[in-house]
Amino acid sequence: MPKIAVCIKQIPLIEEANFDATTKTIKRDGPNVISAFDLRAISLAVALKNSHGAETTVVTMGPPQARGALVDALAMGMDHAVHLEDRAFAGADTLATARALALWLARGNFDLIMLGKYSLDAETGQVGPEIAELIGAAQITGARKLEIDGRTIRAERESDEGFDEVEAEMPAVITCAERVAQPVKVKPGASEKAETKPIQIVRAADLGADAKEFGLAGSPTWVQEVRVVTTPKTECRLIDAEDPERAATEVMSALEGLGALKPRVHDRRQIAAARRASKRGRDVWIICETDLEGRITRGTLELLSRGDELASKLGGAVVAVGFDAGITRHAGVLASFGADQVIAIDHPVLSLYTPETAAEAVAKLTSIHAPWGILIGATERGRDWGPRLAARLGLGLTGDAIDIELDAENRMVALKPAFGGNIVAPIYSKTFPQMATVRPGVLELAAPSEAKQAEIQTVRVEVSAPKSRLIKAHSTLDPTIVPLEGAEVVVGIGTGVGGPDGVTKVAAFARVLGAAMCATRRVTDQGWVPRQLQVGLTGKAIDPRLYIAVGVRGAPNHTCGLKRAQTVVAINNDADALIFERANIGLVADWETILPALQDAFQRRLQ
């Protein structure tokens with residue numbers, strides 16, 4: 001009978017959370033709920049209780065009012081509840097949170113520890129991998145499917161191109177994606193019964209560690225200030241769509257006037273050809289990623305571009321780090337975007353990715369070279385192993401940053417969005433090297449230098465045997481559609497298209513335009529398109545010169561991913577849809593009526 005612990009977080013409803021511009025703090029006096037991904041973890045635990053006879057415990061760390069979340073979890077079918085509640089825990093960042101939870105969890109001899117993939121208030125997914133590192137367990141993040149066979153776990157883990165088939169032995173930490181289970185429906189009378197069940201209270205002193213390890217005192221990161229993000233409404237030109245052909249002609253004329261039909265001419269910062277010397281404590285490390293075809297990702301080139309700018313100010317070098325000797329064949333392109341050195345970490349087990357070996361390998365290299373900072377893409381893979389590295393070295397980590405700045409003392413300032421992108425928190429770290437994962441698509445590419453060359457090193461490190469196994473990587477993306485990253489033209493799909501048949505029609509339109517395709521969260525939740533095409537708060541950020549939104553409602557959690565889109569065309573039959581507040585050109589129309597006319601107009605233009 002497996003023992004399962006589920007860690008949950010109580011958060012304010014995003015739409016109800018208020019920001020106090022005077023005190024620069026979030027007012028959490030509105031209703032609080034269990035984070036949506038944590039509900040999936042509870043559902044999976046209850047399902048395993050029913051199928052495998054598991055004993056389940058729900059645990060949270062928070063103020064007295066977080067007790068309500070535990071009662072709700074008990075009503076959903078969890079057996080036991082534990083509340084880490086102490087003023088000493090207040091103000092904890094992800095590492096301090098993981099440290100407290102790990103100390104309690106380690107005593108319980110749990111076979112499985114489950115969490116949501118991330119919390120929706122801060123959009124972090126760091127606590128799960130950090131707990132796994134601190135207790136020495138295997139981890140599977142973003143699990144969308146999970147099976148248990150004895151002590152072996154088989155799962156499908158979300159990836160940037162589809163999903164990975166993975167295996168691990170218990171004990172293991174699992175973070176749950178949305179599709180792993182549906183939320184539990186509370187049975188009549190269950191809530192009243194849950195109110196009478198005991199809840200174990202755990203204080204900081206009960207954990208047997210110095211109180212300075214917890215809360216604000218034990219947090220290696222802190223927020224200097226909070227910046228309010230004001231997004232001005234776009235002046236939307238509404239075009240009469242009663243005559244589709246005439247409307248399409250008018251749209252094309254308007255796009256021509258806005259310059260949206262011509263490829264952009266980028267004014268990019270030029271990478272210098274000179275190679276900088278490495279300096280201990282001043283180098284900027286960029287962790288490189290490749291796609292399933294072995295190509296360097298655009299996100300890696302964006303990080304190198306920003307790293308080049310940082311290193312020039314710091315007086316150090318840009319070091320591109322890859323996980324196997326094969327990275328050296330990309331030395332030319334890495335150098336052209338700013339790398340002064342390329343380090344290939346060589347070990348047989350690194351050829352097949354696992355988060356624990358990646359973290360261990362980079363940790364050993366970091367201890368030798370002591371870089372100023374480490375930048376990792378906030379990809380599925382970067383979010384998987386990056387927090388584990390931070391926990392291993394006791395480092396502060398800002399996750400999912402949208403920009404990296406330097407302050408007057410040359411400290412890293414990682415800008416992190418929260419609460420639907422309505423605020424941005426500049427986050428600092430007390431520890432070195434400083435770390436951040438950075439969202440792909442938010443940093444500008446530099447103009448590459450074909451003359452630049454990088455020093456190449458292959459470094460052999462000893463790493464422990466993997467705790468998990470990558471069986472096979474799968475792509476679920478349509479190869480006939482232009483890739484989303486870096487696309488000049490993107491067609492966005494909302495639930496207004498009605499279903500998979502509508503998606504097929506919109507995809508045909510995108511192919512005619514030579515456009516990429518993306519979707520809102522609701523569309524990917526329905527499984528109409530792969531989750532990898534989701535744009536917005538919990539998806540990707542894009543910067544096309546032209547974005548055409550088809551049946552998109554325009555909720556802020558989608559449009560925050562469109563902030564750098566130059567021209568937006570919105571098609572929606574609801575004149576009050578929020579998307580028109582972000583659009584330059586609007587068509588209040590049935591998309592199935594107007595889209596064929598637009599497709600014909602674009603085809604004539606392309607010819």
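Residues numbered from 1 in each chain as written. Predicted model: local features only at pLDDT ≥ 70, side-chain atom pairs only at ≥ 80, totals over all residues. Heavy atoms only, no water.

**What to know about the sheet that holds strand E30 (residues 546-550)**
Consideration 1: Strand order in this open sheet of six strands is E16-E32-E31-E30-E28-E29, and the pairing throughout is parallel. A strand with exactly one partner marks an edge of an open sheet, and here the two such strands are strand E16 (237-238) and strand E29 (516-519).
Consideration 2: Of the strand pairs in this sheet, E16 and strand E32 (residues 585-588) are connected by two bridges, and their pairing is parallel. Counted as the bridge partner of Leu238 is Gly586 from E32.
Consideration 3: The strands touched by helix H6 (residues 244-258) are E16, E30, strand E31 (567-572) and E32; relative to E32, the strand with the most contacts, the crossing angle is about 165°.
Consideration 4: In the packing of helix H11 (residues 500-513) onto the sheet, contacts are made with strand E28 (489-493), E29 and E30, and the angle to E28 comes to roughly 175°. (Pairing = 2+ DSSP bridges. Helix = DSSP H or I, 4+ residues; strand = E, 2+ residues; numbered from the N terminus. Contact = heavy atoms within 4.5 Å. Axes fitted to C-alpha atoms, helices over the stretch in contact; angles between N-to-C directions.)

**Digging into the sheet that holds strand E26 (residues 455-460)**
Within a beta sheet, neighbouring strands are joined by backbone hydrogen bonds and run either parallel or antiparallel to one another.
Consideration 1: Judged by pairing direction, the sheet is parallel, and its seven strands sit side by side in the order E21-E25-E20-E17-E18-E19-E26 without closing on themselves. Either end of the sheet is taken by a strand with one partner, and the two such strands are strand E21 (397-401) and E26. Taken over all neighbouring pairs, the strand axes of this sheet differ in orientation by 20° on average, direction set aside.
Consideration 2: Note that strand E20 (residues 373-377) and strand E25 (residues 434-438) share five bridges and pair parallel. Pairing of Gly377 across the sheet is with Val438, part of E25.
Consideration 3: Running over the sheet, helix H7 (residues 298-314) touches strand E17 (284-287), strand E18 (318-322), E20 and E25 and is turned about 175° from E17.
Consideration 4: Taken strand by strand, helix H9 (residues 355-369) contacts E17, E18, strand E19 (341-346), E20 and E26, and its axis lies near 130° from that of E19.

**Some thoughts on a negative patch on the surface**
Consideration 1: On the surface, Glu242, Asp243, Glu245 and Asp600 cluster together into a negatively charged patch.
Consideration 2: Within the secondary structure layout, Asp243 lies in the loop between E16 and H6. (Patch = residues over 30% accessible without salt bridge, like charges linked within 9 Å, V, L, I, M, F, W, Y side chains within 5 Å. Areas by Shrake-Rupley, 256 points an atom, 1.4 Å probe, with all protein chains shown as cover. Salt bridge = Lys/Arg side-chain N within 4 Å of Asp/Glu carboxyl O. Lys, Arg positive; Asp, Glu negative; His and termini not counted. Charge placed at Lys NZ, Arg CZ, Asp CG, Glu CD.)

**Description of the pairing of E21**
Consideration 1: Most of E21 is tucked away, with five of its five residues classed as buried.
Consideration 2: Where E21 lies against E25, three bridges are found, and the strand directions are parallel. Of the residues in E25, the one forming a bridge with Leu397 is Met435. (Buried < 20%, exposed > 50% of the residue type's maximum accessible area, 1.4 Å probe, protein only.)

**Brief notes about unusual backbone geometry**
Among all residues save glycine, negative phi is the norm, and among peptide bonds the norm is trans.
Consideration 1: With an omega dihedral of 0°, the bond running from Met170 to Pro171 counts as a cis peptide bond.
Consideration 2: With respect to the helices and strands, the residue Pro171 is situated in the loop between strand E11 (162-169) and strand E12 (172-176).
Consideration 3: A cis amide bond links Phe432 with the next residue in sequence, Pro433, at an omega value of -5°.
Consideration 4: Considering the arrangement of structural elements, one finds Pro433 in the loop between strand E24 (423-429) and E25.

**With respect to H6**
Consideration 1: An ideal rise of 1.5 Å per residue puts 21 Å on 15 residues; H6 measures up with 21 Å between its terminal C-alpha atoms.
Consideration 2: Where H6 is concerned, the buried positions are Pro244, Ala247, Ala248, Val251, Met252, Ala254 and Leu255. An end-on view of H6 places all buried positions within 165° of arc, on one side of the element. Among the exposed residues of H6, those pointing more than 90 degrees away from its buried face are Glu245, Ser253 and Gly257.
Consideration 3: Buried residues in H6 make contact with E16, E30, E31, E32 and helix H14 (591-606).
Consideration 4: Where H6 starts, the residue carrying a side-chain oxygen 3.2 Å from the main-chain nitrogen of Glu245 turns out to be Asp243.
Consideration 5: Just downstream of H6, Gly259 is the residue with a positive phi angle, here 75°. (Expected span 1.5 Å × (residues − 1). Arc of directions from axis to C-beta. Polar contact = N/O pair within 3.5 Å; in protein donor to acceptor, adjacent residues only side chain to side chain.)

On their own, these measurements won't tell you what the molecule is for.
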